[in-house]
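Listed below, chain by chain, are the residues.
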Amino acid sequence: MSESFIDNDQPPGDPAEALKLIEDQRAAVLRRIYVDDRWWYWPWGFAWLIGFGLLFLRFGPDDRVLVAMPEWLPVAVLVALLAVASVISAMTGTRASGQVTGESSRRGAYYGWSWFIAFATVTVIMVRISDALPDDLVTMVWAATTVGLTGALHMAGGAIWLSRPLFILGVWISVVNVAGVLAGPGWQSLIMCVAAGGGMIVFGAIASRWRRGRRGSA
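Novice: Tell me about the side chain of Thr146, residues and numbers included.
Specialist: Here Thr146 is to be found in helix α5 (residues 135-160). One polar contact links the side chain of Thr146 to the main-chain carbonyl oxygen of Trp142, over a distance of 3.1 Å. Apart from the residues lying within four places of it in its own chain, the contact partners of Thr146 are Leu82, Phe119 and Val122.

And the structure:
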């Protein structure tokens, strides 16, 4: 038979060769949709580390002022950093889904928008009820509400993409948040600064390195 009649588009006859082709295509797709894990974790880690650190220094346990600064400064910094972190999370989810089509794309887009909408909703509610709260509880309730929402959204992300690390991180954030509330004003800020903020920065660094190692071996 002449070579001109040979169909070069036929799938490989060797099963091992076919499997290798599938794995190569899978690796190529993963490279296209890859988003560095630090974009998921570090915005929140640094927001909590800096914001709650300032809160602890200004509003320490038993109303101690460890570092003199305007009362509004720590709260304003924390709120601003949380707003930036929520926008980055929304953009990261949208970016990850923008490289694929179909159900995965819609899933990522919905998840990205959920960050922005959820935090906008919580902010409006907290602004509305803050005046009705005792002065010593306003900051703690704001912090506990936003951190609790963050933990829930991370667990939701873990469920959507079947990511055990992301789900476990959401559980960790939730547990730390409860511990901070039980510890009370002042101590809550320290716990959130170290355990939540610092922990998320470390987790992001480890997750990013682990993912790069997997991509490199793919």
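That covers the picture; the talk isn't over yet.
Novice: How would you summarise the nonpolar core if you had to cite specific residues and measurements?
Specialist: The biggest cluster of nonpolar side chains holds 32 residues, and the ones touching the most others in it are Tyr41, Trp44, Trp48, Phe52, Trp115, Leu153 and Met200. Elements that contribute at least two residues to this core include exactly α2 (38-58), α3 (72-98), α4 (103-129), α5, α6 (164-183) and α7 (187-217). Looking at this core, the element that brings in the most residues is α2, giving seven residues. In contact with Tyr41, not counting residues within four places along its chain, are His154, Leu166, Leu169, Met200, Phe203, Gly204 and Ala207.

Novice: Give a description of the confidence of the model for the protein that names residues and reports values.
Specialist: Put simply, the protein has an average pLDDT of 80, and 75% of its residues get 70 or more. Within the protein, helix α1 (residues 15-33) has the poorest average pLDDT of any element, 52, and α6 the best, 92. This stretch, residues 1-8, has a pLDDT under 50; its non-local contacts, to residues over four places away or in other chains, come to zero contacts. Scored below 50 in pLDDT, residues 27-34 makes ten contacts in the model with residues more than four places away or belonging to other chains.

Novice: So what's going on with the pattern of salt bridges? Residues and values would help.
Specialist: All chains considered together, the criterion is met by one salt bridge. The partner of Glu71 in a salt bridge is Arg58, with the nearest N and O atoms 3.4 Å apart. One end of the pair, Glu71, is in the loop between α2 and α3; the other, Arg58, is in helix α2, and 13 residues separate them in sequence. For Glu71, a relative accessible area of 52% corresponds to the exposed category. Given the relative accessible area of 13%, Arg58 is considered buried.

Novice: Which residues make up the side chain of Gln188, and what values go with them?
Specialist: Among the secondary structure elements, Gln188 is positioned in helix α7. Its relative accessible area of 2% is what places Gln188 among the buried residues. Ignoring sequence-local partners within four residues, the contact set of Gln188 consists of Met140, Ala143, Ala144, Gly180 and Val181.

Novice: Account for the packing of aromatic side chains, with residues named and values stated.
Specialist: Under the definition given, this model contains eight aromatic pairs. With a centroid separation of 5.3 Å and an interplanar angle of 35 degrees, the aromatic rings of Trp44 and Trp115 are classed as tilted. Within this pair, whereas Trp44 is found in helix α2, its partner Trp115 is found in helix α4, the two being separated by 71 residues in sequence. The class for Trp44 is buried, based on a relative accessible area of 0%. Take Trp115: its relative accessible area is 0%, and that puts it in the buried class. Their ring planes at 35 degrees and their centres at 5.2 Å tell us that Trp44 and Phe119 sit as a pair that is tilted. Of this pair, Trp44 sits in helix α2 while Phe119 sits in helix α4, and the two are 75 residues apart along the sequence.

Novice: Requested: an account of α6, with residues and values cited.
Specialist: Taking 1.5 Å per residue as the helical rise, α6 with its 20 residues ought to reach 28 Å, and the 28 Å between its terminal C-alpha atoms agrees with that figure. Residues of α6 that are buried: Leu166, Leu169, Gly170, Ile173, Val176, Asn177 and Gly180. Buried residues of α6, seen end-on, are gathered within an arc of 130 degrees and therefore sit on one face of the element. Exposed and oriented more than 90 degrees from the buried face of α6 are Arg164, Val175 and Leu182. N-cap assignment for α6: the residue whose side-chain oxygen lies 3.4 Å from the backbone N of Leu166 is Ser163. A positive phi of about 95 degrees marks Gly184, the residue just after α6.

What counts, and at which threshold
Residues numbered from 1 in each chain as written. Predicted model: local features only at pLDDT ≥ 70, side-chain atom pairs only at ≥ 80, totals over all residues. Heavy atoms only, no water. Helix = DSSP H or I, 4+ residues; strand = E, 2+ residues; numbered from the N terminus. Polar contact = N/O pair within 3.5 Å; in protein donor to acceptor, adjacent residues only side chain to side chain. Contact = heavy atoms within 4.5 Å. Core = buried A, V, L, I, M, F, W, Y, C linked by side-chain atoms within 4.5 Å. Buried < 20%, exposed > 50% of the residue type's maximum accessible area, 1.4 Å probe, protein only. pLDDT = per-residue confidence, 0-100. Salt bridge = Lys/Arg side-chain N within 4 Å of Asp/Glu carboxyl O. Phe/Tyr/Trp six-rings, centres within 6.5 Å; stacked < 30°, edge-to-face > 60°. Expected span 1.5 Å × (residues − 1). Arc of directions from axis to C-beta.

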